[in-house]
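Close look at the chain arrangement
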Protein chains: 2
Amino acid sequence: MRAVGVLGGMGPAATLDFLTKVLAADPAPKEQDKIRILVDCNPGVLDRNAAARGEGPSPGPALAEMARGLVAAGADFLVIACNTAHAWAGDIAAAVDAPLISMIEAACETIAAAHPRARRIGLLAGQGCLDAQIYQSAFERRGWQAVIPPADLQAGFMSALYSVKAGSLDAAEKAAFMACAEAVIAAGAEIAIAGCTEVPLLLTAADLPVPLIDPTQILAERTVAFARG
Amino acid sequence: MRAVGVLGGMGPAATLDFLTKVLAADPAPKEQDKIRILVDCNPGVLDRNAAARGEGPSPGPALAEMARGLVAAGADFLVIACNTAHAWAGDIAAAVDAPLISMIEAACETIAAAHPRARRIGLLAGQGCLDAQIYQSAFERRGWQAVIPPADLQAGFMSALYSVKAGSLDAAEKAAFMACAEAVIAAGAEIAIAGCTEVPLLLTAADLPVPLIDPTQILAERTVAFARG
């Protein structure tokens, strides 16, 4: 069994959602047989969206320090419970030898396996994630096209995102996420990705007329499978 | 701000409950201003109940190793998200210099402040916690009397406890916890303590005719207060 190290706190509620999904995905019935999970829920990681648009310092050094600490505490491999922070995966790889399971690649592999004919993928993600081209690069390698909400709805998404991070999970925030989902579907998206870990706190597959891919859930399942060897 | 290190995984669902309560207790509205939480959710810690009755090896060395790892990862102080594991607090204190906030003492201090005239305290706890006299010792120093369920109901409590740890949070488990609560109240308990972190997953204050003290909630509030300095 391998112990997972979770770079979390971006935001804290999204990390709890990830941990809940890991625990649900672990098939071991007995407490002592479940996987070991080390978590650094570090809300002090600098704002990824500001850094991605060039208006703030890099969160890379903080993420690298967290990775080193998790490995020192016993982690055998790492995951990041934040899509946008994957833009600094290079800082983590430079800091530790432990492998990092990419939530982005895991989500794309699941789409390729479950929806092999999909070509237009709706992207519900933070502006920093869009700016850093995290999902778009992974899509391009597979011949897929990213469908992104129009700027005004994306701005509403970002306001809602910061509200959710601050603890508000209400109808207004869900409506802002839904407006983006509806816009990308109207623009031809055959699938939508909850490409920000705050999105699945409010949107579920039942809310949309197209499949909703939840990278948090996919990463949780991958984490348990890799930990159990 | 001080970072907390959580010795968890005993069991995993109880640790998630603790983390949820910490997050809810943190007043900071902005992600970057919340407290840092390092967690070792290590279900591999040996069975505390078996060790307390002398039928299993000590979980102390594993707890000490977790404490060292959490401090190495950046924790400034420690908490244990398990009542029974407090029996091995000495192993942790011997391993690290970081202070440990005791869930047992925090719960007793809250009782003394909120219910100064209470003398008979009902104890809903794992057998290992009872065997190790963890709460009973703390009560004696305050002149309180522990009221413990009869052996047959305590045996039912233990069966339910292992079911909850295995992921079953159903009416049968709640009924077993309730039967113990009703028995200690019938025997004169003026207050009941949810002295096992699995208990508040199923029992709430609204279920009982006397106050129910939730050490998980009290420890979460103490954790946030100590972290914020």
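Everything numeric here is computed off the predicted structure, so don't read it as measured data.

**Overview of unusual backbone geometry**
Residues and elements named next belong to chain A.
- Cis rather than trans, the peptide bond between Met-10 and Gly-11 has omega equal to -5°.
- Residue Gln-133 is not a glycine yet carries a positive backbone phi of 60°.
- Here Gln-133 is to be found in the loop between helix 6 (127-131) and helix 7 (134-140).

**Overview of the sheet that holds strand 3 (residues 77-80) of chain A**
- If you walk across this open sheet you meet the six strands as 3(A)-1(A)-2(A)-2(B)-1(B)-3(B), and the pairing is mixed. Sheet topology places strand 3 of chain A together with strand 3 (77-80) of chain B at the edges, where each strand pairs with a single neighbour. For this sheet, the mean inter-axis angle between neighbouring strands, taken without regard to orientation, is 20°.
- One ladder, built from four bridges, connects strand 1 (residues 4-8) of chain B with strand 3 of chain B; its direction is parallel. Its bridge partner being in strand 3 of chain B, Gly-5 of chain B is matched across the sheet by Leu-78 of chain B.
- The strands touched by helix 1 (residues 12-25) of chain B are strand 1, strand 2 (37-41) and strand 3 of chain B; relative to strand 2 of chain B, the strand with the most contacts, the crossing angle is about 170°.

**A few points about the relation of the copies chain A and chain B**
- For the pair chain A and chain B, the superposition axis carries a translation of 0.0 Å, the fit reaches an RMSD of 0.0 Å, and the rotation angle comes to 180°. The transformation just described matches what one would write down for a two-fold rotation axis. Of the C-alpha atoms belonging to chain A, the one lying closest to the rotation axis is found on Val-39 of chain A, 2.5 Å away.
- Interface residue correspondence from chain A to chain B reaches 100%, placing this contact among same-surface, isologous pairings.

**Re the packing of aromatic side chains**
- Throughout the structure, instances matching the rule amount to eight aromatic pairs over all chains.
- Between the aromatic rings of Phe-77 of chain A and Phe-226 of chain A, the centroid separation amounts to 4.7 Å while the plane-to-plane angle is 75°, which identifies the pairing as edge-to-face. Here Phe-77 of chain A, found in strand 3, pairs with Phe-226 of chain A, found in helix 10 (residues 215-227); they are 149 residues apart in sequence, far enough to count as distant.
- Among the residues examined, Phe-77 of chain A registers a relative accessible area of 0% and is labelled buried.
- Owing to a relative accessible area of 30%, Phe-226 of chain A belongs among the partly exposed residues under this scheme.
- With 5.7 Å between their ring centres and 55° between their planes, Phe-139 of chain B and Trp-144 of chain B make a pair best called tilted.

**Quick word on the side chain of Thr-197 of chain B**
- Structurally, Thr-197 of chain B is set in the loop between strand 6 (191-194) and strand 7 (212-213).
- With near-sequence residues (within four places) excluded, Thr-197 of chain B lies in contact with Met-10, Ala-14, Ala-81, Cys-82, Asn-83, Met-103 and Thr-216 of chain B.

**Some remarks on the interface of chain A and chain B**
- Listed as interface residues are 35 residues of chain A and, on the opposing side, 35 residues of chain B.
- There are eight salt bridges connecting chain A and chain B.
- Between Lys-165 of chain A and Glu-31 of chain B there is a salt bridge whose closest N-O contact spans 2.8 Å.
- Where chain A packs against chain B, one counts eleven residue pairs in polar contact (both at pLDDT 80 or more).

**Quick word on the packing of helix 1 of chain B against helix 10 (residues 215-227) of chain B**
All names here are of chain B.
- At a closest axis distance of 8 Å, the pairing of helix 1 and helix 10 adopts a crossing angle of 45°. Judged by the angle between their axes, helix 1 and helix 10 are oblique. Relative to helix 10, helix 1 is oriented so that their crossing is right-handed. Across the interface between the two elements, Asp-17, Phe-18, Lys-21, Val-22 and Ala-25 of helix 1 pack against Thr-216, Gln-217, Leu-219, Ala-220, Glu-221, Thr-223 and Val-224 of helix 10.
- The residue makeup of the contact of helix 1 with helix 10, split by class, is six nonpolar, three polar and three charged.

**Re helix 10 of chain B**
Residues and elements named next belong to chain B.
- With 13 residues, helix 10 ought to run about 18 Å at 1.5 Å a step, and its terminal C-alpha atoms sit 18 Å apart, in line with that.
- Taken together, the buried positions of helix 10 are occupied by Pro-215, Thr-216, Ile-218, Leu-219, Ala-220, Thr-223, Val-224 and Ala-227.
- Among the residues of helix 10, the N-terminal cap falls to Asp-214, whose side-chain oxygen and the backbone nitrogen of Thr-216 are separated by 2.9 Å.

**Comments concerning the side chain of Asp-17 of chain A**
- For Asp-17 of chain A, the position within the fold is in helix 1 (residues 12-25).
- For Asp-17 of chain A, a relative accessible area of 14% gives the class buried.

**Examining the sheet that holds strand 4 (residues 120-124) of chain B**
All names here are of chain B.
- The four strands are arranged 5-4-6-7 in an open sheet whose pairing can be described as parallel. This sheet does not close on itself; its edge strands, each paired only once, are strand 5 (145-147) and strand 7.
- Sitting on the sheet, helix 7 (residues 134-142) is in contact with strand 4, strand 5 and strand 6, with an inclination near 170° to strand 4.

**Considerations on the environment of Ser-163 of chain B**
All names here are of chain B.
- By the secondary structure assignment, Ser-163 is in helix 8 (residues 151-165).
- On the basis of relative accessibility, which here comes to 26%, the residue Ser-163 falls in the partly exposed class.
- Sequence separation of Ser-163 and Asp-47 is 116 residues, and the distance between their C-alpha atoms is 14 Å.

**Describing the nonpolar core**
- Formed by 41 residues in total, the largest nonpolar core has its most connected members in Leu-7, Leu-63 and Leu-78 of chain A together with Leu-7, Leu-63 and Leu-78 of chain B.
- Within the residue set of this core, elements represented by two or more residues are helix 3 (60-72) and strand 3 of chain A together with helix 3 (60-72) and strand 3 of chain B.
- Looking at this core element by element, the count peaks at five residues for helix 3 of chain A.
- Core analysis: the next-biggest nonpolar cluster, separate from the first, contains 40 residues, Val-22, Ala-81, Leu-219 and Val-224 of chain A among them.

Rules used in this analysis
- Residues numbered from 1 in each chain as written.
- Chains lettered and ligands numbered in written order.
- Predicted model: local features only at pLDDT ≥ 70, side-chain atom pairs only at ≥ 80, totals over all residues.
- Heavy atoms only, no water.
- Helix = DSSP H or I, 4+ residues; strand = E, 2+ residues; numbered from the N terminus.
- Pairing = 2+ DSSP bridges.
- Axes fitted to C-alpha atoms, helices over the stretch in contact; angles between N-to-C directions.
- Contact = heavy atoms within 4.5 Å.
- Least-squares fit on C-alpha atoms with pLDDT ≥ 70 in both.
- Phe/Tyr/Trp six-rings, centres within 6.5 Å; stacked < 30°, edge-to-face > 60°.
- Buried < 20%, exposed > 50% of the residue type's maximum accessible area, 1.4 Å probe, protein only.
- Salt bridge = Lys/Arg side-chain N within 4 Å of Asp/Glu carboxyl O.
- Polar contact = N/O pair within 3.5 Å; in protein donor to acceptor, adjacent residues only side chain to side chain.
- Parallel < 35°, antiparallel > 145°, perpendicular 65-115°, else oblique.
- Left-handed = near helix turned anticlockwise from the far one by under 90°.
- Nonpolar A, V, L, I, M, F, W, Y, C, P; charged D, E, K, R; others polar.
- Expected span 1.5 Å × (residues − 1).
- Core = buried A, V, L, I, M, F, W, Y, C linked by side-chain atoms within 4.5 Å.

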